[in-house]
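Survey of secondary and tertiary structure
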4 protein chains.
Amino acid sequence: MDFTVSTAVRDLTATVRRFVDEEVLPVERLVLDKGFGAAGVEIERLRGRVREMGLFTPHMPKEWGGGGLPFLDLAPLSEVLGRSLIGHYVFNVQAPDAGNMELLLHHGTPEQKERWLRPLVHGDVRSCFGMTEPEFAGSNPVWLGTTARREGDEYVLDGHKWFTSAADGATFCIVMAVTNPGAANPYARASQILVPLDAAGFEVVQNLAVMGERGEGWMSHAEIRLDDVRVPAANRIGAEGSGFALAQERLGPGRVHHCMRWLGICERAFDLLCERAARRELSPGKPLGGRQLVQAWVAESRAEIDAARLLVLRTAWRIDREGASATRDDVSLIKFHTAGVLQRVLDRAIQTHGALGLTDATPLAFWWRHERGARIYDGADEVHKTSVAKRILERYGMERMKG
Amino acid sequence: MDFTVSTAVRDLTATVRRFVDEEVLPVERLVLDKGFGAAGVEIERLRGRVREMGLFTPHMPKEWGGGGLPFLDLAPLSEVLGRSLIGHYVFNVQAPDAGNMELLLHHGTPEQKERWLRPLVHGDVRSCFGMTEPEFAGSNPVWLGTTARREGDEYVLDGHKWFTSAADGATFCIVMAVTNPGAANPYARASQILVPLDAAGFEVVQNLAVMGERGEGWMSHAEIRLDDVRVPAANRIGAEGSGFALAQERLGPGRVHHCMRWLGICERAFDLLCERAARRELSPGKPLGGRQLVQAWVAESRAEIDAARLLVLRTAWRIDREGASATRDDVSLIKFHTAGVLQRVLDRAIQTHGALGLTDATPLAFWWRHERGARIYDGADEVHKTSVAKRILERYGMERMKG
Amino acid sequence: MDFTVSTAVRDLTATVRRFVDEEVLPVERLVLDKGFGAAGVEIERLRGRVREMGLFTPHMPKEWGGGGLPFLDLAPLSEVLGRSLIGHYVFNVQAPDAGNMELLLHHGTPEQKERWLRPLVHGDVRSCFGMTEPEFAGSNPVWLGTTARREGDEYVLDGHKWFTSAADGATFCIVMAVTNPGAANPYARASQILVPLDAAGFEVVQNLAVMGERGEGWMSHAEIRLDDVRVPAANRIGAEGSGFALAQERLGPGRVHHCMRWLGICERAFDLLCERAARRELSPGKPLGGRQLVQAWVAESRAEIDAARLLVLRTAWRIDREGASATRDDVSLIKFHTAGVLQRVLDRAIQTHGALGLTDATPLAFWWRHERGARIYDGADEVHKTSVAKRILERYGMERMKG
Amino acid sequence: MDFTVSTAVRDLTATVRRFVDEEVLPVERLVLDKGFGAAGVEIERLRGRVREMGLFTPHMPKEWGGGGLPFLDLAPLSEVLGRSLIGHYVFNVQAPDAGNMELLLHHGTPEQKERWLRPLVHGDVRSCFGMTEPEFAGSNPVWLGTTARREGDEYVLDGHKWFTSAADGATFCIVMAVTNPGAANPYARASQILVPLDAAGFEVVQNLAVMGERGEGWMSHAEIRLDDVRVPAANRIGAEGSGFALAQERLGPGRVHHCMRWLGICERAFDLLCERAARRELSPGKPLGGRQLVQAWVAESRAEIDAARLLVLRTAWRIDREGASATRDDVSLIKFHTAGVLQRVLDRAIQTHGALGLTDATPLAFWWRHERGARIYDGADEVHKTSVAKRILERYGMERMKG
């Protein structure tokens, strides 16, 4: 195992870290105070700066306008971007666009790439991904209510989705829909279909009130309805019935990206924790950091973050060498493990701040509420634990179980 | 130990529980959807209904317009009210007014009671309590920056407070201020002084952005400034220098009230968890509640809630018999212990709901973010653990420690 | 709920506590240093002292030679006895004899009582209970390999048992065996049959090496084999096929007894923790108890022990009023909850003692290893959590599940 | 970071793993059943086999008779040896001899090496290390009662030590003793002095009863007394007053060795857990591993073990590059972090085995009791957490604290 990062990547990461700390954090302050919309001009200015630096959309090939970084090199960068809640957005590697780009890059037709991928990489438009449905358990991905029936050269979509993140203001949505309800293999019934948001019958019902906030633009999660929405059959991505396989392919690296981002949050929270502990006085000359319980949080957080990072790096390294499907156990392990570390570190950082930690004076409270979802989205902890354990136990001779 | 509740109280609790479930919860929905202000008319209607039922301000003596319930009888009532985030407000036993009433009742002069207590009990006005200061650690209650210097028949107050809950719209604030900076005993330097919000120099700077929400009216936490605010010396509550002692006296039962309320939240969260587990299907005919990890959460939550309740009841029972100062260890124990149970139960209930648990479709997400403070306000976990442990260890022969 | 203990019981408990601390603990020292056998004479002397005090076998009716204490009164006594690892034995309320006495008292024939119960109550003989089998999961109590086929006036038993505690030196064993393999109801297939250890074909194969110790006499866990063992049909206790029902009846109160005993262990461990913390110096004048992590352990242990005790008392109180079958949820809750508290408290007490805690200079190390089983015996945590959760979820509308 | 293991080391590890599983585990069975002494002949036979394989004492240079493996290469080997409780002993890299060899190798005089190191590397003799004292807290290493006063060409030692592991049968003991009580720097008061066990006045008082077992030979922990023990001044290792510095130097890599060994225990426990889960049936055709709680243990253990291993490997890699003193934070982090993982994994493996897990049919129960010390020996968790946190917080601007 070799996690060595080239000098070039190390320098790049240092540059980006400086940029995040000096230029992005002041705008993050604006987002926390006034909201994502009010900070729009400033955020666009930052994105312009990143374009000038040649670092915009770093994970996409240069031929499509990206930075061309390989997966493992992305890890340190993604962590540094994760320090700010708008870091990934400023560099145009934010979910769900980053995943949609991967999907189009690897499975889009030349026409689809030209029409949809290029403006996405350029940051001219945004997109969303319509998978989760309120009526069906996310832990059972083959149980879908949204359908796309073929009529001539078109698909006609009907369905109800939610937690369609960033639909507000997006140009298109990649929708998971059942195209082959009669397929014997339940994993071969759905397809991914690209639907423009201005198609007739596509309705963004509302931005959901998530943790008290409906948000806006990229920072929002919509409920959407598709009511007899017609799109050309050419909008299907990949083969008919390949929707689940493509979703899996997308989710693996996507989860690694989330883990890297969470580690960035952890590091920022750790900095905030330590700065507060070092400077806050309980009485004159007696810093909070002199208390042994706070010291235990510092040490435990340091160990847990570092161990989790190494596990994530190992996974990225394996994906680079062996591909996503050979590493799904690793991905499941880092998904729930890192999400757990994230919640514990945030909890300790807030507790160290006392009442201040509950306010939006730091991003800790934002992450406390909005990253509670880390243990749920892209597969709940329990789903990952169960599925990885079953595969492990099969290697010890347990028979494959159904259900 | 006898926690038997009289038939009368049991009937009362059942009545109130029905009222909360049938009439308060629909208005709570409105609060979650539209905010506390928009729900104002509906909330006032509910308060009117409670007045008709003769249950308004149940913890105050009848002579002042209250319901006259003893402390231990309040426990089951408070728990039932805690099921809704506006339950206590609807019954006019909400913090910080409930504590201010206790303070005025026991330490106010007849004039103070007539002028300030009576309208509070009647629910005509609201009040707030100005203790916490951003510049000084809450864990060191004798380290205060706010001063009240005596000038003739007046006190002149200067200071900076925050987390002055419910200041928005309040009529008066009870302010903790240093009146005797030279007192040898650091616990005898401060006094509690009643300051009308319309006094010149009293400024509500802002409602703090707490967990993304500034809130409004009773549901808010203000930053306030006192700049040469003059009030009559007769506005002091209790003896000069008694501020800390009165605060302690207030906080003990106040913490018990919080614990009772948290248990109500726990029970509501437990209901939501079990209803979701029983009804949500993972696939046709396979309820979520058939999963063993969810079953473990049900069982662990049931045990933890019940054990915590008994510990709280024992404390209330002891306070009734032995008074607040003899039971401060018990109060510290239930404060951190119940807050911990609360956070775990909320966490499990959210996890059981999946993405839905992150939305405001249930009050779980509200409590997740706004009751993160339970482990901080009224004494952080660490402060309670340390102080109760020191007293225990002294009984085992450890010498009293300073600092 | 009324947990009030009468003055008589309180006095009794104080007396017993003094006796345990002053007279039993020195002999416990001997057991830890030399073993149960070597301490035999001293232990018998103590049992004689208890007989003189009229407190021997306190839970049995006076007509059979016991002390006649009701169930709830037994709670404080059992906790005090639990402070020493030989406390229950010295008072002749030790498992498994205590449960066997209950079984014979309530379900034995007059002849069985006269012959087997009376000497047990008098402490003249010991007994054991043969339930667990190595080949079959304890979590599935209806899956048994031991059979008792009826031949004329006799049962002929064949089987293999282990963890038959205290078989070494016992006079008889109550054996759970399948008598009605064809019964439609799997819970009606087994019976409990009393088998003298000197019956032909009854073999105590070995005392199992449990946590490195085979033990001896009452402090041992045997593997036994029954090979064509013949006993009179009159040795069956209760109706044919009632074995499972009787086992359940026995296990409910038995688990409460274990919980009470564990709370006694917790209190002893808490005392040891606090004494060590108060007296051990890290450097001259700096007690270990001044460290905040140790203080947190003190406070958390105090809260957890007290909360668990109240939960156990509530269960005992309900059993006294409503019987064992109405309270099986409560029993499951206290079983896993108290066992968890026990392990955490022992862990903290050992950690506070450092290397000393690993030695047999205190009983902490003994309990650490031998009470690891508390989360396994009489139903593993997972079994209790699952079964209580299923019943709770059924009340929320979940359909009854099989398997 | 590059954790790549050469093909040679990978092959070596595979060979050793096979040897451990096929040849060492049967002898481990003997140790568990009959004790270390009774298995002596068999163990010596295994050591002979290892000598033949040329793998005896792998961490020592070839010139002294060892295998000459660098530190990082030792990691995978040590983990594989850790699978058995006698693995390290069979390969002659067991504590405390391994550390004594390092000490002599790096700080011994040529005479000391020839006389004491060579037979140690050859496995002809054993040694012990006398540091911990019952009267003084191990967390304060500069507070020692044992003295060595210089008289001419001799040191005269007086003192009382315990947890002198493997003193039973050892040839010499390296004793930590105060030689310079007046040194201003408390860290410069002690020296390490080599004392033959047959020196007059050196008494092995007893093998301590640790977790119920006194053990014997290498598997024991002695209490020793030094009463006017005279040794040549040439027996001092390193400079006078360098005892603490040498102990630190020894303990750093020693802790890494422990961590590697613990990971081997974790892997063995994980195998046992999974094998039991895969094969044990709860009812016909229903494996224990189908239970979701067991699955959660599998997944959590896998993630925690892998993350901890990477953290340990990073530390070893850094020690190889930067030396021990630059990595003491890393060493503290892995010490408490890995010990915590170890205890959790053992706990889950035992719980999965039910009653069987409490017996000595697997080594789980042995490790449960004897590795409870992992969180205590070589620095308790709390000591490591506190010291690493202080250094981290100083980097955030907290002033250095005394005490």
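Small disclaimer: the values here were computed from a predicted structure and weren't measured. (Residues numbered from 1 in each chain as written. Chains lettered and ligands numbered in written order. Predicted model: local features only at pLDDT ≥ 70, side-chain atom pairs only at ≥ 80, totals over all residues.)

1. As for the domain arrangement of chain A
Residue and element names in this part refer to chain A. The criterion, for reference: Where each domain starts and ends follows an automatic or database-derived domain assignment. Placing C-beta atoms from the backbone, we regard two residues as in contact once those atoms come within 7 Å. Numbering goes from the N terminus for both helices and strands, where a helix is a DSSP run of H or I of at least four residues and a strand is a run of E of at least two. Only Asp, Glu, Lys and Arg are considered charged, only Ala, Val, Leu, Ile, Met, Phe, Trp, Tyr, Cys and Pro nonpolar, and every remaining residue, Gly among them, polar.
The domain boundaries assigned to chain A delineate domain 1 (7-94), domain 2 (127-241) and domain 3 (245-395). Averaged C-alpha coordinates put domain 1 and domain 3 at centres separated by 20 Å. If you look at the interface, domain 1 gives 14 residues, while domain 3 gives 19 residues. For the side of domain 1 that touches domain 3, the secondary structure elements donating two or more residues are α1 (7-34) and α3 (71-82). When residues in the side of domain 1 that touches domain 3 are grouped by element, the largest group, eight residues, is from α3. In terms of residue class, the side of domain 1 that touches domain 3 is built from eight nonpolar, three polar and three charged.

2. Here's the deal with the relation of the copies chain D and chain B
Superposition of the two copies of the chain requires a rotation about an axis and a shift along the axis. To be explicit about the condition: Residues below a pLDDT of 70 in either copy are left out; the C-alpha atoms of the rest, at least 70 in both, set the least-squares superposition of the copies.
By a simple turn and slide, chain D fits onto chain B: the slide is 0.0 Å along the axis, the RMSD is 0.0 Å, and the turn is 180 degrees. With respect to symmetry, the two chain copies, as superposed, fit the operation of a two-fold axis. Of the residues that chain D buries at the interface, 100% are likewise interface residues in chain B, meaning the two copies contact each other through the same surface.

3. Some points on the interface of chain A and chain D
Contacts between the two partners involve 39 residues from chain A and, on the opposite side, 39 residues from chain D. Secondary structure elements with two or more residues in the side of chain A that touches chain D: α7 (243-279), α8 (292-322), α9 (328-353) and α11 (381-395) of chain A. It is α8(A) that provides the largest number of residues to the side of chain A that touches chain D, a total of 14 residues. Of the residues contributing to the side of chain A that touches chain D, the split by class is 22 nonpolar, eight polar and nine charged.

4. As for helix α11 (residues 381-395) of chain C
Residue and element names in this part refer to chain C. Rules: Helix span, as expected, comes to 1.5 Å for every residue beyond the first. Exposed residues have 12 or fewer other C-beta atoms within 10 Å of their own C-beta, buried residues have 20 or more, and residues in between are partly exposed; the C-beta atoms are placed from the backbone.
Here α11 is 15 residues long and its end C-alpha atoms lie 22 Å apart, about the 21 Å a rise of 1.5 Å per residue gives. When α11 is considered as a whole, its buried residues turn out to be D381, E382, V383, H384, K385, T386, V388, A389, I392 and L393. Taken from the residues just after α11, G397 is the one with a positive phi, measuring 105 degrees.

5. Concerning the nonpolar core
The test is simple: We call a set of buried Ala, Val, Leu, Ile, Met, Phe, Trp, Tyr and Cys residues a nonpolar core when their C-beta atoms link them within 7 Å.
Core analysis: the biggest nonpolar cluster contains 552 residues, and A:V312, B:V312, C:V312 and D:V312 have the highest contact counts within it. In this view, A:V312 contacts A:A75, A:V256, A:C259, A:M260, A:L263, A:I334 and A:T338; residues no more than four positions away in its chain are not counted.

6. Quick look at the relation of the copies chain A and chain D
Note on the identical chains: chain A maps onto chain D by a rotation of 180 degrees and an axial translation of 0.0 Å, with an RMSD of 0.0 Å. Most of the interface of chain A is mirrored in chain D, where 100% of its interface residues again form contacts.

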